[in-house]
Amino acid sequence: MNVLAFGPLQLGDPMLTAGVVVLLLVVITVWQMVEIVDAYDRGALTVFGEYRKLLEPGLNIVPPFVSRVYTFDMRTQTIDVPSQEAITRDNSPVTADAVIYIRVMDAKRAFLEVENYERAVSNLAQTTLRAVIGDMELDDTLSRREMINERIRQELDEPTDEWGIRVESVEVREVTPSQGVKGAMEQQTSAERKRRAMILEAQGERRSAVEKAEGAKQSEIIRAQGEKQSQILEAQGDSISTVLRAKSAESMGERAIIDQGMQTLEEIGRSESTTFVMPQELTSMVGRYGKHLSGSDVKVDGDSLESLDFDEETRELIGLDDIAEIIGEIEQTEMDVEAMEAEAQAIKEGQDISGETESAATATDIEPDIDSGDESGSDR
């Protein structure tokens, strides 16, 4: 009997049941007493519904069965603002939506001051978005997104600070005008582009006309300058040609006289007569160019006249380079004249008195002619 009393407990034994219940109560109590908070969370602890404290990340011991913990994510959170219809200040209906980035800065105030801070921030952002767009004109809502974002953020800042929430940024994703407004804007844009195209085309035509006029002006100036230069050169050429022709004619006339005189001298040299006449033109030319022909100056009353040298152009025009040949012909003619005089003297000595009288008369006739030639040459 005693052995049976201290043996293993039988199933259904009240003591075994009580032990199991106590064990379960201990486990549940420990489970209720231990609260684990993640690193990015904060926990608001309430005991019998009364706020006690914030639980830090890690293992926390709380009163069991009478405590509740509300966790708050301390990271930056994103809240989508649904599309909102609004009317701008110039009565243009638009639809806009946005996204808000918030962060819980004070978990206690977010727990005590607002029921659901995410929903509260979203509703406040919707009304603020409509108010900001309604205070702007359509063109500003389409082109000044940064200003809209900043104004919404400033409008949300003050009320959310009381909730322990900080609005880090607001981004308006899209502002869409109504279909009628879009059609009008497209027409306006098309008209503006056409106007700019017409302006650019007009400016291009004006610039082209200016360039053409400037080019024509420069062309006329250059053409006028060319014609002027051509006329000047032509006039200079005519003047030079006239002078050269005059000089050439004068030179040719003088050379013709000299050539004629040489022919006359040749004929005189071949003639048997002791009386000959020198052409006045030839004696004038000999007097004029005496220095070049004989190397001596012309004398008038015993005084020598200084001759001037000819330049290359004049020498070429009047043929002074051929004077040597002319001088040679004149010397040959003088030699012939001397031979004729010697022959005439021999004939004179072999003739009678009448022949001598005739020869003297002939000599007397020659001397005035020679003197006349000399005077003409001297005057020349």
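Rules used in this analysis
- Residues numbered from 1 in each chain as written.
- Predicted model: local features only at pLDDT ≥ 70, side-chain atom pairs only at ≥ 80, totals over all residues.
- Heavy atoms only, no water.
- UniProt positions renumbered as here; feature names shortened; annotations may be inferred.
- Pairing = 2+ DSSP bridges.
- Helix = DSSP H or I, 4+ residues; strand = E, 2+ residues; numbered from the N terminus.
- Axes fitted to C-alpha atoms, helices over the stretch in contact; angles between N-to-C directions.
- Expected span 1.5 Å × (residues − 1).
- Bend = angle between axes of the 7 residues up to and from the residue.
- Buried < 20%, exposed > 50% of the residue type's maximum accessible area, 1.4 Å probe, protein only.
- Contact = heavy atoms within 4.5 Å.
- Salt bridge = Lys/Arg side-chain N within 4 Å of Asp/Glu carboxyl O.
- Patch = residues over 30% accessible without salt bridge, like charges linked within 9 Å, V, L, I, M, F, W, Y side chains within 5 Å.
- Areas by Shrake-Rupley, 256 points an atom, 1.4 Å probe, with all protein chains shown as cover.
- Lys, Arg positive; Asp, Glu negative; His and termini not counted.
- Charge placed at Lys NZ, Arg CZ, Asp CG, Glu CD.

Going by what an unreviewed UniProt entry lists, the protein is known as Band 7 domain-containing protein and is assigned to Natronorubrum tibetense GA33. In its Sequence similarities (unreviewed entry) section, the UniProt record describing the protein reads: "Belongs to the band 7/mec-2 family." The record in UniProt for the protein states the following under Subcellular location (unreviewed entry): "Membrane".

Outline the sheet that holds strand β3 (residues 50–55), supporting the account with residue identities and numerical values.
Taken in spatial order, the three strands line up as β3-β2-β5 in an open sheet, and their pairing is antiparallel. The two strands at the open ends of the sheet, each matched to only one other strand, are β3 and β5 (67–73). Taken over all neighbouring pairs, the strand axes of this sheet differ in orientation by 25° on average, direction set aside. Sheet topology note: the strand β2 (residues 41–47)/β5 ladder contains seven bridges and is antiparallel. Pairing of Val47 across the sheet is with Ser67, part of β5.

Give me helix α6 (residues 145–162): which residues, what numbers.
Its 18 residues place the ends of α6 27 Å apart at the C-alpha level, agreeing with the 26 Å of an ideal helix rising 1.5 Å per residue. Approximately 30° is the largest bend angle found in α6, and it occurs at Leu156, with the proline Pro159 only one to four residues beyond. Among the residues of α6, those classed as buried are Ile148, Asn149, Ile152, Leu156 and Thr160. Residues of α6 that are buried sit in contact with β7 (93–104), α4 (117–134), α5 (138–143) and β8 (165–177). Remark: Gly164 follows α6 within two positions and exhibits a positive phi of approximately 75°.

Quick one: what's the story with the pattern of salt bridges, residue by residue and with numbers?
Under the definition given, this model contains 13 salt bridges. Connected via shared salt-bridge partners are Asp80, Asp97 and Arg173.

Help me get a handle on a negative patch on the surface, residues and values and all.
A cluster of acidic side chains, namely Glu113, Glu155, Glu158, Asp161 and Glu162, defines a negative patch on the protein surface. When you line up the elements, Glu158 lands in helix α6.

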